[in-house]
Every structure is written in C-alpha cells, then in structure tokens.
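An overview of the molecular structure
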Amino acid sequence: MLLSWAACTKQSAPMLPPWQGETADSDGNVFDLEQIQHAGELIALTIPGPTTYYDFQGAHLGVQYLLAQRFATHLGVRLRMETCRDTTELLQRLAAGDADMVAMRMDDDSLTAGWLLGEGKASLQKALTEWYTPQLLTEAQATERQMFSRPRVTRRVHAPMLRRGVISHYDELFKRYSRGIGWDWRLLAAQCYQESTFDPDAVSWAGAKGLMQIMPKTADHLGLPRDQINDPEQNIAAATRYLHELEHEFNYIHDRTERQNMVLASYNGGILHLQDAMRLAERDHRNPQRWNDVREYVLRLKDPHYYQDTLVRHGYMRGNETADYVDKIRARYQKYIRQVSQ
C-alpha cells in the first residue's frame, strides 16, 4: 500500500476528519510527525484552484490552504504548499515521498473523499485526527469570505486632486522618481491613488503598506527597511525600482503604453499570472503584447477550462481585480493629463 487514503463516510455514518483511514506501519525509515517537527516544515501537495490554493496580491489563499496552514501552526511548523498539474502527478509525488500529505478533497467512488497521507505516517495521522473538527473547515471558509467582503486597504480617503493643478502632497516625489524610469509622473500618481488614495499609513489585508502598497517581502527584495515602508519618499523610491524591474521583463514590447499596462497588471496581480494569460492569448492567435487582448485571458483565469490548461503554470487567478486596477489607473491618468501640466 503506497498511500493512506482518507475518505469520509456517507452522511448516515459519524462525521470523520478528511484524512480518516489506515496508515501503513512504519519501517523506521519514514518521515513521520517527529521528523516533520524537527525539520520545522510540513509539506503539502495540492492542485491550484479557488477552493484549494492560489496567490492573490502577494497573499496565499484558498480554503484548503488556510486549513492546512492552521494545522501546521498547531504542530508548530511552517507550511510549504507545492502544486501539481493533475491528480496523477499529485499521487505519484506523494507515493515517491515528496510530501507529507495532500491538502485537497478527492473523489473516491460515491464517497466524499478528503486529504491523503503519505505511507507510514501514523503519528501524523493521529495528530490530524485529534486536531480536526468540521468547525475548523467552516472557520476557514468564513475567513476567506471575510477577506473579500471587507475593504482591501485600510486607509484615509483623500481627494483625487489636492487643488487645481496639484494632484497631491507628493507630486515632487512622483516627479523626481518617475524620471529614473522614464514614466510620466502623473501615471505614477494615478497608480498611487489607486493603491492608497495618497495615504502613507494605508495597510492592506495582505500586509502591504504605504503609498504604493509594498509587501514586506517585496520591501526586503528592494532593499527597503521594513521600518521605513511607510516613509513616503522611501516607499515611492522602492516602488519605482520595482516598476523598473517589471518593465525590464517586458522590454520586448516596443509600444510603451502597452508595456506599462503589462507592468501595472503585474504589480497588482503578479507577473507569473500575467505571463500565463499572455501564453493563452498567443495560442488563440491574439496579440500577447496588447493589453486589451491579454486582459480577456486575465479575466478567464478564474475558469477551470483556462487555469487548468497545460499552458498555465500558476493556476487560478482573481483576474477581475487586476483588469479593474489597470482600467481605473488609465482612466485617472487621462484626467490628470487634462487637468495637470507635465
């Protein structure tokens, strides 16, 4: 027996945790709970999707991910979630010992199946069984619903313009740092308003901070000390460095406006998701260097027919937010062009 199947019983039977089942005896060489805790990491496999696992604006989401994260915290270890393209790959990797468990619900004949455990993990299974209650799944579902029912960013809302001819208190910073990347400072200002409405103390539900809503890990990458994330100048300077990095990834797009649209979309939704959308557009004989064509596929990446396509490497995407993000920045930028001189 390679795997420990975890199937829930029919509704008439007592409710069991999603990994209920027998686990093969250990031969002394398996990587069970004690070894997991010593290593400090629980490795789980899943297939990306809206109810399992996906990235959204720098945060990991998905009910199965949130539930697995809670269990890892209960064990006192970090969670490493790795994705597979399909069930075949998932089962092969689990059988090969690449992971400790599968964090997604599986079909097993007419039963509602649940998580799987690798062979010989009796102690891990015991810990799961003792920890799990149906209420935990309900709470994970409620947590994700709450994330999308409340404002994405906590901020003081400022007017889109300070006064005639002046966009914000930070215009000089936008002008100074936009020069280094060759952007119109008014486009940078329009992006800033979309991110934070010019509130340097804005913070998102995912932990992004400041005028340009920089995630702490991104700040580390950009050399921005975390205690300076809310500093307006440091925040804008770091954001323009990031915009420059993203623009370099699209330097093969010669049209500057189209290239900037791809950069804006990547800033919001992640460059890897955008590249998935571009591959789909190209396959369908659309222009992968034209935002309006790629935008369609950004929106379609919420559909299993598209996010499970073999061309897609990074799974499900909540593309509505990214499409809306670019549209609103462009619309505001056009207003700034009419109302504020270069």
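Cut-off values and rules
Position numbers for residues start from 1 in each chain and track the written sequence from start to end. This being a predicted model, a pLDDT of at least 70 is required before a residue's local features are given, and a value of 80 or more before pairs of side-chain atoms are given or counted; all residues contribute to the totals for chains, interfaces and linings. As a rule here, side-chain values come from all non-hydrogen atoms in the structure, and water together with hydrogens is ignored. Partly exposed residues are those whose accessible area sits between 20% and 50% of the maximum for their type, while under 20% is buried and over 50% is exposed, using a 1.4 Å probe and protein chains only. Working definition: helices are DSSP H or I runs of at least four residues, strands are E runs of at least two. Numbering for both runs from the N terminus. In this description, one arc is meant: the one made by directions from the helix axis to the C-beta atoms. Salt bridges, as used here, are contacts in which a Lys or Arg side-chain nitrogen is within 4 Å of a carboxyl oxygen on Asp or Glu. We call Phe, Tyr and Trp rings a pair once their centres come within 6.5 Å, taking the six-membered ring for Trp, and we label the pair stacked below 30 degrees between planes, edge-to-face above 60, and tilted otherwise. A positively charged side chain is recorded as over a ring if its NZ (Lys) or CZ (Arg) lies within 6 Å of the ring centre. The angle to the ring normal must also be within 35 degrees. A cavity here means a set of points on a 1 Å grid, drawn over the protein atoms and nothing else, where a 1.4 Å probe fits but cannot get out; a pocket is an open set with protein on both sides within 12 Å along at least five of seven lines, and a residue lines either one if it has an atom within 4 Å of a point. Grid points are joined across faces, edges and corners, and a volume is the space filled by probe spheres set on the points. Here, the term nonpolar core denotes a set of buried Ala, Val, Leu, Ile, Met, Phe, Trp, Tyr and Cys residues that are joined through side-chain atoms within 4.5 Å. The criterion used for residue contact is that any of the two residues' heavy atoms lie within 4.5 Å. Basically, the charged four are Asp, Glu, Lys and Arg, the nonpolar ten are Ala, Val, Leu, Ile, Met, Phe, Trp, Tyr, Cys and Pro, and anything else, Gly included, counts as polar. The term polar contact refers here to a pair of N or O atoms within 3.5 Å; inside protein, the definition further demands a hydrogen-donor-capable atom paired with an acceptor-capable atom, and it admits residues adjacent in sequence only when both atoms are side-chain atoms. pLDDT expresses how confident the predictor is about each individual residue, on a scale running from 0 to 100.

**Brief notes about helix α4 (residues 122-131)**
- Every buried residue of α4 is accounted for by Leu124, Gln125, Ala127, Leu128 and Trp131. Taken end-on, α4 shows its buried residues confined to a sector of 160 degrees, consistent with a single buried face. Exposed positions of α4 whose direction lies more than 90 degrees from the buried face are Lys126 and Glu130.

**A few points about the pattern of salt bridges**
- Evaluated as defined, the whole model comprises 24 salt bridges.
- Among the salt bridges present, the one from Glu41 reaches Arg78, with a minimum N-O distance of 3.5 Å. Residue Glu41 is located in strand β2 (residues 41-46), and its partner Arg78 is located in strand β5 (residues 78-83); the two are separated by 37 residues in the primary sequence.
- Of the charged contacts in the structure, one is a salt bridge between Glu247 and Arg256, with a shortest N-O distance of 2.6 Å.
- Judged by its relative accessible area of 30%, Arg256 is partly exposed.
- Each of Glu41, Arg78, Arg80, Glu82, Arg93 and Asp98 takes part in a single network of salt bridges with overlapping partners.

**Remarks on the packing of aromatic side chains**
- Taken as a whole and judged by the stated rule, the model has 10 aromatic pairs.
- Relative to Tyr65, the ring of Tyr53 lies with its centre 5.3 Å away and its plane at 45 degrees, an arrangement referred to as tilted. Note that Tyr53 is positioned in the loop between β2 and β3 (54-56) and Tyr65 in helix α2 (residues 63-75), a separation of 12 residues in sequence.
- The exposure class assigned to Tyr53 is buried, which follows from its relative accessible area of 10%.
- Ring geometry for Phe250 against Tyr252: centres 6.5 Å apart, planes inclined by 55 degrees, an arrangement best described as tilted.
- Through a chain of ring-to-ring contacts, three or more aromatic side chains come together here, namely Tyr54, Tyr307 and Tyr316.
- Across from the ring centre of Trp185, 4.9 Å away, lies the NZ or CZ of Lys175, which sits over that ring.

**Some points on the layout of surface pockets**
- Taken as a whole, the largest pocket spans an internal volume of roughly 1,400 Å³.
- It is helix α14 (residues 319-339) that provides the largest number of residues to the lining of the largest pocket, a total of 5 residues.

**Some details on the environment of Gln125**
- In this structure, Gln125 sits in helix α4.
- Distance in space between the C-alpha atoms of Gln125 and Asp32 is 9.1 Å, their sequence separation being 93 residues.

**Section: the environment of Gly180**
- Mapped onto the elements of the fold, Gly180 is located in the loop between α6 (171-179) and α7 (185-196).
- Overall, the relative accessible area of 66% leaves Gly180 in the exposed class.
- Note: C-alpha distance between Gly180 and Thr240 (60 residues apart in sequence) is 8.0 Å.

**What about the nonpolar core?**
- One finds Phe174, Met212 and Leu274 to be the most contacted residues of the largest nonpolar core, which totals 63 residues.
- A total of 7 residues in this core trace back to one element, the largest contributor, which is α7.
- Ignoring any residue separated from it by four or fewer positions in sequence, one finds Phe174 in contact with Ser168, Trp185, Leu188, Ala189, Cys192, Phe198 and Ile236.
- Core analysis: the second largest hydrophobic core is formed by 28 residues, Leu66, Phe71, Leu75 and Leu124 among them.

**Description of empty space enclosed by the protein**
- The full count for this structure, using the stated rule, is 1 cavity of 30 Å³ or more.
- Approximately 40 Å³ is the volume found for the largest cavity.
- What lines the largest cavity is simply Asp55, Phe56, Gln57, Asn268, Gly269, His273, Met317, Arg318 and Thr322.
- For the lining of the largest cavity, the residue count by class is 2 nonpolar, 5 polar and 2 charged.

**Points about unusual backbone geometry**
- In this structure, Gln213 takes a positive phi of about 50 degrees despite not being glycine.
- Positive phi, normally seen in glycine, also occurs at His285, with a value near 65 degrees.
- Inspection of the secondary structure assignment puts His285 in the loop between α11 (271-283) and α12 (291-300).

**Thoughts on the side chain of Asn261**
- You can see Asn261 is positioned in helix α10 (residues 256-269).
- Judged by its relative accessible area of 7%, Asn261 is buried.
- Within polar-contact distance, the side chain of Asn261 engages the side chain of Arg330 at 2.7 Å.
- Asn261 has contacts with Trp291, Val326 and Arg330, leaving out every residue within four places of it along the chain.

**Section: the side chain of Asn235**
- Here Asn235 lies in helix α9 (residues 232-249).
- The buried category is assigned to Asn235, whose relative accessible area is 0%.
- Once residues lying within four places of it in the same chain are set aside, the contact partners of Asn235 are Lys209, Gly210, Leu211, Met212, Gln213, Ile214, Leu224 and Ile229.

**Quick word on the confidence of the model for the chain**
- In the predicted model, the chain carries a mean pLDDT of 87, and 88% of its residues have values of at least 70.
- In this model residues 19-28 is a low-confidence stretch, pLDDT under 50, and it forms 31 contacts with partners more than four residues away in sequence or in other chains.
- The low-confidence segment residues 109-113 (pLDDT under 50) makes 14 contacts with residues lying over four places distant or belonging to another chain.

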